[in-house]
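Structural overview
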Amino acid sequence: MSQSARLAAIPSERDEALAEVRQLITDLRDAAQDGRDLARRYADVLQNVVDEYCIEFEKRAEAALARLEAAA
């Protein structure tokens, strides 16, 4: 390959590398957003589960307290 052919190929390779880097950045941003969305969904699910357990245990505690008060 001649010197001029190599010099002509350099900008093309550079452009390809820049395009690849831009695509990688876009892909990383998309993946980060997907990760945040998934974390929010799991946080919502976990919050709902905790709320359900707290309500259930509160009901059980109130029932146990009522039985204790009735027995006293």
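As a reminder, the structure under discussion sits directly above these lines.
Calculation notes
- Residues numbered from 1 in each chain as written.
- Predicted model: local features only at pLDDT ≥ 70, side-chain atom pairs only at ≥ 80, totals over all residues.
- Heavy atoms only, no water.
- Helix = DSSP H or I, 4+ residues; strand = E, 2+ residues; numbered from the N terminus.
- Buried < 20%, exposed > 50% of the residue type's maximum accessible area, 1.4 Å probe, protein only.
- Areas by Shrake-Rupley, 256 points an atom, 1.4 Å probe, with all protein chains shown as cover.
- Patch = residues over 30% accessible without salt bridge, like charges linked within 9 Å, V, L, I, M, F, W, Y side chains within 5 Å.
- Salt bridge = Lys/Arg side-chain N within 4 Å of Asp/Glu carboxyl O.
- Lys, Arg positive; Asp, Glu negative; His and termini not counted.
- Charge placed at Lys NZ, Arg CZ, Asp CG, Glu CD.

1. Brief notes about the overall build of the protein
Helix and strand counts for the protein come out as one helix and zero strands. Residues counted as buried form 0% of the 72 residues belonging to the protein. Approximately 6,600 Å² of the protein is accessible, and the part contributed by carbon and sulfur atoms is 59%.

2. Remarks on a nonpolar patch on the surface
A cluster of nonpolar side chains, namely Val45, Val49, Tyr53 and Phe57, defines an oily patch on the protein surface of about 390 Å² accessible area. Relative to the elements of secondary structure, Val45 occurs in helix 1 (residues 3-71).

3. What about a negative patch on the surface?
Together, Glu13, Asp15, Glu16 and Glu20 make up a region of like negative charge exposed at the surface. Of note, Glu20 is situated in helix 1.

None of the figures reported here should be taken as evidence of function without further support.
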